[in-house]
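Below, each chain spelled out in residue letters.
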Amino acid sequence: MGRVVRKLGLKLKPGRPAGPKNPPLFVDWGFPWRRPSDAVAIHRWNARRVWREHPWFRPKLRLLGELVRWPRQAARLSWYYTFRYGGTVRRASGKMQAVQWCEQLWLALLHFVPPRAYYLFHLHEKANRRHAVEYLHRDETKGEGLFRFLRRSIGGHTDNVVDKRLFAHTCRVHGLRTAPVLLALDCGEVVASEGAASLPHRDLIVKPAKGRGGRAIERWDCVAEAGFRNPEGQTLGDEALLDRLLERSREECLLVQPRLTNHPEIADLGGGILTTARIMTCLDEVGAPEATTAAFRVAVE
């Protein structure tokens with residue numbers, strides 16, 4: 001183990017490895033005349049999509065180069081995630097970190113499973129590991145992946161989800177409760193407001209009108225005697241904060257919303273971070289929405 005680690009240039013306390021986190025292509029080692037499972041068929045479809053996105057010789061050559069380098073990258077990623085999560089799994093299941101590292105590397109080379117998925121999908125458990133090839137990964141579903149293909153096939157769109165201002169309007173039209181938009185700022189001006197074109201005296205969240213994953217979100221807590229203070233300790237008065245946000249809105253549209261907090265019954269679960277319940281739906285045989293799964297999302301400190 002130590003010799004392998006030294007040869008790959010891994011460190012005892014690794015930082016996040018540079019380079020791709022997922023294999024560039026899925027390679028099917030199965031027999032071509034056998035009917036693949038639905039998941040394998042999606043893996044193959046996504047691999048063809050990625051290949052077509054590299055239309056010329058040099059991009060295709062670069063893609064193949066990434067595939068050749070994948071074993072080394074997989075080893076580095078496996079080492080990183082084992083160092084980060086392996087101790088927790090060992091205490092829960094008794095499985096040694098060296099065994100976890102080897103299993104991640106084996107899955108990454110045999111089924112092209114990203115090492116992060118080993119802990120995300122609990123593949124350290126034997127029952128789950130048997131079906132490792134059946135799991136779909138983020139790059140295969142989001143972005144240009146399966147979800148976009150499905151939306152196009154049914155003529156759907158997600159404009160009223162991607163644009164948070166339009167999303168709030170859609171919820172209001174259909175009578176669905178959602179966090180109100182107190183101010184909308186764009187091109188250095190206040191373009192919409194629920195009242196006066198000034199910041200209300202309450203805890204605020206500022207976010208881009210189009211974005212995801214918590215990108216570029218700011219939190220400003222109301223401090224009665226001084227205006228607003230962010231988590232870094234910076235304090236600004238009402239007018240100073242508004243001027244700052246107006247200047248930032250010259251680059252992208254911003255929304256100002258009230259900061260939501262957890263219900264007192266679950267206040268100790270999120271460590272001060274908002275928890276969410278996410279309910280997944282799909283259209284059934286008659287085109288009506290049907291709830292399929294639900295997840296309670298809690299921040300990990």
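Described below are features of the structure shown in this document. Since the structure is predicted, the reported quantities are computational estimates derived from the model, not experimental observations.

Moving on, we come to a positive patch on the surface. Taken together, the side chains of Arg-16, Lys-21, Arg-84, Arg-116, Arg-138, Lys-142, Arg-212, Arg-278 and Arg-297 define a basic patch exposed on the protein surface. Here Arg-297 is to be found in strand β9 (residues 289-297).

The periodicity of an α-helix, 3.6 residues per turn, causes residues three or four places apart in sequence to face the same way. In a regular helix each residue adds 1.5 Å, so 15 residues correspond to 21 Å; helix α2 (residues 38-52) covers 21 Å between its end C-alpha atoms and thus fits that length. For α2, the complete set of buried residues consists of Ala-39, Val-40, His-43, Trp-45, Asn-46, Ala-47, Arg-49 and Val-50. On its buried face, α2 sits against α3 (57-93), α7 (138-141) and α8 (146-153).

Turning our eyes to something else, we now look at the nonpolar core. Ranked by internal contacts, the top residues of the largest apolar core, which has 26 residues, are Phe-26, Trp-70, Leu-107, Val-113 and Leu-123. Counting only elements with at least two residues in this core, the list comes to α2, α3, α4 (97-110) and α5 (115-120). Broken down by element, the residue count for this core peaks at nine residues, all from α3. One finds Leu-185, Leu-204, Trp-220 and Leu-242 within the second-largest nonpolar core, a separate group that totals 15 residues.

Attention shifts here to the pairing of strand β8 (residues 276-283). Counting buried residues in β8 gives zero out of eight residues, a small share hidden from the surface. Between β8 and the antiparallel strand that follows it, β9, lie five residues; Gly-287 among them carries a positive phi value of about 85°.

Our next topic: the pairing of strand β2 (residues 189-193). Note: strand β1 (residues 183-186) against β2, four bridges, orientation antiparallel. Counterpart to Asp-186 in the pairing with β2 is Glu-189. As consecutive antiparallel partners, β1 and β2 are separated by two residues, and within that stretch Cys-187 has a phi angle of approximately 55°, a positive value.

Quick look at unusual backbone geometry now. Within the chain, His-122 stands out as a residue other than glycine whose phi angle is a positive 55°. Among the structural elements, His-122 can be located in the loop between α5 and α6 (126-129). With relative accessibility at 39%, the residue His-122 sits in the partly exposed group.

Rules used throughout
- Residues numbered from 1 in each chain as written.
- Predicted model: local features only at pLDDT ≥ 70, side-chain atom pairs only at ≥ 80, totals over all residues.
- Heavy atoms only, no water.
- Patch = residues over 30% accessible without salt bridge, like charges linked within 9 Å, V, L, I, M, F, W, Y side chains within 5 Å.
- Areas by Shrake-Rupley, 256 points an atom, 1.4 Å probe, with all protein chains shown as cover.
- Salt bridge = Lys/Arg side-chain N within 4 Å of Asp/Glu carboxyl O.
- Lys, Arg positive; Asp, Glu negative; His and termini not counted.
- Charge placed at Lys NZ, Arg CZ, Asp CG, Glu CD.
- Helix = DSSP H or I, 4+ residues; strand = E, 2+ residues; numbered from the N terminus.
- Expected span 1.5 Å × (residues − 1).
- Buried < 20%, exposed > 50% of the residue type's maximum accessible area, 1.4 Å probe, protein only.
- Contact = heavy atoms within 4.5 Å.
- Core = buried A, V, L, I, M, F, W, Y, C linked by side-chain atoms within 4.5 Å.
- Pairing = 2+ DSSP bridges.

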